[in-house]
Amino acid sequence: MMKNILYIGIACLLFFSCKTEQKSAKKVAGVISEKAMVVSAREEVSNIGNLILQKGGNAFDAMVATELALAVAYPYAGSLGGGGFMVYRLEDGTIGSLDYREKAPFAATKNMYIDSITKEIIPDKSTLGAMAVGIPGNIAGIFAAHEKFGKLPMSEILKPVIALAEKGVIVTKKQQERLEKYREEFLKVNDAEFFLAKAWKANDTIKRIQLAKTLKRIQLNGRDEFYKGETAQILVDFMQKSGGIMTLEDLANYEAKWRTPITFTYDDLRVISMAPPSSGGICLAEIMKAIEPYDLDKFGHNTTKSIQLITEAERRAYADRSFFLGDPDFVEIPTETLLSESYIRERMQSFSFEKATPSSEVSHGTIEIVESDETTHYSIVDQFGNAISVTTTINGAYGSKLFCEELGFFLNNEMDDFSSKPGEPNMFGLIGAEANNIAPEKRMLSSMTPTILEKNGKLYMVVGTPGGSTIITSVLQTILNVHEYDMGMQEAINQPRFHHQWLPDVIKMEPIGFSDELHAELTKLGYTIDATNSPVIGKVEGILVLPDGKLEGGADPRGDDKAVGF
């Protein structure tokens, strides 16, 4: 029943979406604003981010409010118990990025998820419960961003978030379905009386009283409350009681890191995206540089030829991802080589429009990529001209499913994003190599791809999405829909999406929007199509700067997402 509802929803959004070849049809437009825009997974969250901007705050103040409001309104992927990445562009053109990805605890070991006797991965140990949890980075991230760039006092920014937690959030139909889907998983690692495991219905109100108390302590005591204060002690006591290995030393030693973003050009665009330990920027660059020499716009939107070209570029980039990429503080990443024109040209030499290139013929190896789809993204442009693109996650849906009642939030299961056993796929089917093996204090590889684009030296686009391993390809298709096919932001986001990640060797396609004839043509060329297991690929949040300087906010109708501006 849930899948049918999902399919109908996608059918509706694709019906109302407009393809460029339908020149006579009215183009779909997103929310238009004059000065500023916030796009996130929930209307309440976007409203709070927008409120902070209207109070005179900037994008970084709004980042704090938006991130914490997601923890209140969208526990599916937002939490104080997760981590993320932020890419920014200041009004003067200065760019940068912040890595507040979770880290492995000090007590983590390379083989911690492998049975010592069978040498096989222990089921659920890296995905469910306390042993799956990495050291959270969200609070460190928002405080680092605010300390460097914020304008408003942190106490003022937190007020509407605390008020939302105390007042409560109205359950949507989609939220009801998610809670129903994961109820049994909740009860595997939480008390039988766990409040989110009750039968919530659409239009019910969920209050987050314990989370409000935690936020008030952070409001009073700052960043150290979470990493060294009472909250830290409660969290560590809870984790150890639940069978985890997190310590006070782990929390006290956590730091967010400023990193240099990955930048590259595509036609007349300059693309600014996230560097490792996110694979997003490097993979996006590899794919876009591989397809740049071709006349993609002449091939047509979502035609056999364009899908074939993009798929083959994705296949090669994801193969490189699995072998080369990891935490740059632990492994040497050949970024310059991977992004060089000669290397990319060589990688594409085996590509032919005549037939598919089997993934078995594309090195490296036999490794599949698996990564959770249940991330969340928000894009913000403020009235001063600053832009941020932020992707944050607790990895799987509701993370490890482990909920600290006293603090009011879920803990991540980010440890699953390491290569538990090189060559074995993670929960998203992604395969990892030695570069992404587990080590104490190491950050796990991610596909999160917060991205900002410039055109003619000016801010042009802010885009990002959840979707695990499909994040990179969803961001890619949204950019191409705008740039190659002349779509607006909402129209670009509404289009049906497809995905290839090297292994498994299939093109995943959303079930609505691709014709049987297209499926048949690709199958004849040697591609395997899977249109059943990906009813939703990504939930993109984007902002496009229009020719007149106004902003178009695009919020993905695949979720409860909302763009709000002024």
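Sequence order sets the numbering: in each chain, residues are counted from 1 along the sequence as written. pLDDT decides what is reported in this predicted model: residues at 70 or higher carry local features, side-chain atom pairs at 80 or more are listed and counted, and totals for whole chains, interfaces and linings draw on all residues regardless. For the side-chain quantities, the full set of heavy atoms in the structure was used; hydrogens and water were omitted.

Going by what an unreviewed UniProt entry lists, the protein is known as Glutathione hydrolase proenzyme and is assigned to Kordia antarctica. Checking UniProt for the protein, the heading Subunit (unreviewed entry) contains the comment "This enzyme consists of two polypeptide chains, which are synthesized in precursor form from a single polypeptide." Per UniProt, the protein has the following entry under Pathway (unreviewed entry): "Sulfur metabolism; glutathione metabolism." UniProt positions are given in the numbering used here, feature names are shortened, and annotations may be inferred rather than shown by experiment.

**Focus: the overall build of the protein**
Summing up its helical and strand segments, the protein has 18 helices and 21 strands in all. Taking the principal axes of the C-alpha coordinates as reference, the protein spans close to 60 × 60 × 45 Å. Put simply, the protein has 566 residues, and 64% of those count as buried. Taking all contacts inside the protein whose residues are at least 6 apart in sequence as the whole, residues at least 24 apart take part in 74%. Note on areas: Shrake-Rupley, 1.4 Å probe, and residue coverage restricted to the protein chains presented here. Counting every atom, the protein has about 20100 Å² of accessible surface; 51% of that belongs to carbon and sulfur. Side-chain charges of the protein comprise 59 positive and 76 negative groups, with the mean position of each set lying 3 Å from the other. Secondary structure elements follow DSSP: runs of H or I of four or more residues count as helices, runs of E of two or more count as strands, with numbering from the N terminus. Classification of residues uses two cut-offs on accessible area relative to the type maximum, computed with a 1.4 Å probe and protein chains only: under 20% is buried, over 50% is exposed, and between them is partly exposed. What makes two residues a contact is simply this: any of their non-hydrogen atoms within 4.5 Å. Positive charge is attributed to Lys and Arg, negative charge to Asp and Glu, and no charge count is given to His or to the chain ends. Charge placement uses NZ in Lys and CZ in Arg. For Asp and Glu, CG and CD serve respectively.

**Quick look at the UniProt feature "active site" (unreviewed entry) in the protein**
Under the UniProt annotation, "active site" (unreviewed entry) lies at T375. Excluding residues within four positions of it along the chain, T375 makes contact with A77, T391, T392, T393, N395, M448, P466, G467 and I471. A 3.5 Å cut-off defines polar contacts: any pair of N or O atoms within that distance qualifies, except that in protein one atom must be a possible hydrogen donor and the other a possible acceptor, and neighbouring residues in sequence count only when both atoms are side-chain atoms. Engagement of the side chain of T375 in a polar contact is seen with the side chain of T393, the distance being 3.2 Å.

**Let's talk about the packing of helix α2 (residues 43–54) against helix α5 (residues 154–167)**
Across the interface, α2 lies against α5 with an axial gap of 9 Å and an inter-helix angle of 155 degrees. Relative to α5, α2 is oriented roughly antiparallel. As for the relative orientation of α2 and α5, their crossing is right-handed in sense. Along the contact surface, α2 presents E44, I48, L51 and I52, while α5 presents I157, P160, V161 and L164. Under the scheme applied here, ten amino acids are nonpolar (Ala, Val, Leu, Ile, Met, Phe, Trp, Tyr, Cys and Pro), four are charged (Asp, Glu, Lys and Arg), and all others, including Gly, are polar. Partitioning the contact of α2 with α5 into residue classes produces seven nonpolar, no polar and one charged. Here, axes are lines fitted to C-alpha atoms. For helices the fit covers the stretch in contact, and angles between N-to-C directions go from 0 to 180 degrees. When describing relative orientation, an angle under 35 degrees is termed roughly parallel and one over 145 degrees roughly antiparallel, while 65 to 115 degrees is termed roughly perpendicular and anything else oblique. If you view the pair so one helix is near and one far, a crossing is left-handed when the near helix is turned anticlockwise from the far one by less than a right angle, and right-handed when it is turned clockwise.

**Some remarks on the sheet that holds strand β21 (residues 562–565)**
Read from one edge to the other, the open sheet built from seven strands follows the order β7-β4-β3-β11-β10-β2-β21, with strand pairing classed as antiparallel. Across the chains shown, the open sheet's two edge strands, defined by having one partner strand only, are β7 (257–259) and β21. Pairs of neighbouring strands in the sheet enclose a mean axial angle of 15 degrees, with direction left out of account. One ladder, built from seven bridges, connects strand β10 (residues 375–381) with strand β11 (residues 387–393); its direction is antiparallel. Across the sheet, the residue bridging to T376 is T392, located in β11. In this fold α2 packs onto β2 (37–40), β10 and β21, with an angle of close to 155 degrees to the strand it touches most, β2. The rule for pairing is simple: two strands pair if DSSP sees at least two bridges between them.

**Considering the packing of helix α13 (residues 304–324) against helix α16 (residues 471–483)**
For any two helices packed against each other, the geometry is given by the interaxial angle and the distance between the axes. Their axes nearest at 12 Å, the elements α13 and α16 cross at an angle of 145 degrees. For the element pair α13 and α16, the recorded crossing hand is right-handed. Each of I310, E314 and Y318 in α13 lies in contact with α16, whose residues at this interface are I472, T473, L476 and L480. When the residues that make up the contact of α13 with α16 are grouped by side-chain class, the tally is five nonpolar, one polar and one charged.

**Observations regarding the packing of aromatic side chains**
Within 6.5 Å between ring centres, the rings of Phe, Tyr and Trp (the latter by its six-membered ring) count as paired, and their orientation is classed by plane angle as stacked under 30 degrees, edge-to-face over 60, tilted in between. The full count for this structure, using the stated rule, is 27 aromatic pairs. Relative to Y398, the ring of Y76 lies with its centre 5.4 Å away and its plane at 80 degrees, an arrangement referred to as edge-to-face. Of this pair, Y76 sits in the loop between α3 (59–73) and β3 (83–89) while Y398 sits in the loop between β11 and β12 (403–404); the two residues are 322 residues apart in sequence, bridging distant segments of the chain. An identical accessibility class is assigned to Y76 and Y398; each is buried. Aromatic side chains F194 and F195 sit 5.6 Å apart centroid to centroid with 80 degrees between the ring planes, which places their arrangement in the edge-to-face category. Judged by its relative accessible area of 23%, F195 falls in the partly exposed class. Members of the aromatic cluster, each reached through a chain of ring pairs, are Y74, Y76, Y182, F186, F194, F195, Y398, F403 and F410. Over a ring means this: the NZ of a Lys or the CZ of an Arg is within 6 Å of the ring centre and within 35 degrees of the ring normal. Between the NZ or CZ atom of R178 and the centre of the ring of Y76, over which it lies, the distance is 4.7 Å. In this arrangement the basic side chain of K198 is found over the ring face of W200, its NZ or CZ atom lying 4.2 Å from the centre.

**A look at the environment of S40**
Among the secondary structure elements, S40 is positioned in strand β2. For the pair S40 and L235, spaced 195 residues apart in the sequence, the C-alpha separation amounts to 28 Å. Leave out the neighbours within four places in its chain, and S40 touches V45, S46, T66, H377, Y378, E541, D561 and K562. A polar contact is formed between the side chain of S40 and the backbone oxygen of R42, at a distance of 3.0 Å. In terms of polar contacts, S40 uses its side chain to reach the side chain of S46, at 2.8 Å.

**Concerning helix α7 (residues 209–221)**
Here a helix's expected span is defined as the number of its residues, less one, multiplied by 1.5 Å. Here α7 contains 13 residues, and its C-alpha end-to-end distance of 19 Å stays within 8% of the 18 Å for a straight helix at 1.5 Å per residue. By the burial criterion, the buried members of α7 are L211, A212, T214, L215, R217 and I218. Residues of α7 that are buried sit in contact with α3, α4 (138–149), α5, α8 (223–227), α9 (230–241) and β13 (409–410). With its phi angle positive at about 80 degrees, G222 sits one or two positions after the end of α7.

**Some details on the pairing of β3**
The element β3 is largely enclosed, with a buried count of seven among its seven residues. Burial along β3 is two-sided: G83, F85, V87 and R89 and G84, M86 and Y88, pointing in opposite directions, are all buried. Relative to β11, β3 runs antiparallel, the two sharing seven bridges. Following the sheet pairing, R89 is matched in β11 by A387. Relative to strand β4 (residues 95–100), β3 runs antiparallel, the two being bridged by six bridges. Bridging across to β4, M86 finds its partner in L98. Linking β3 to β4, which pair antiparallel, is a turn of five residues; within it G93 sits at a positive phi near 95 degrees.

**Observations regarding the confidence of the model for the protein**
On average, residues of the protein score 92 in pLDDT, and 92% of them reach the 70 mark or higher. Residue-level confidence of the predictor is what pLDDT reports, using numbers from 0 through 100. Below a pLDDT of 50 lies the segment residues 1–25, which in the model reaches 45 contacts outside its immediate sequence neighbourhood of four places, other chains included.

**A few points about the pattern of salt bridges**
Throughout this description, the term salt bridge denotes a Lys or Arg side-chain nitrogen within 4 Å of a carboxyl oxygen of Asp or Glu. Per the counting criterion, the structure on display carries 30 salt bridges. Across the pair E185 and K188 runs a salt bridge whose closest N-O atoms are separated by 2.9 Å. Linking E185 with K188, this pair stays in helix α6 (residues 173–189), spanning three residues, or about one helical turn. The class of E185 is partly exposed, set by a relative accessible area of 25%. Taking the shortest distance from any N to any O, the salt bridge between R223 and D224 comes out at 3.8 Å. It is possible to trace a salt-bridge network through shared partners that takes in D99, K257, R259, D327, D329 and R443.

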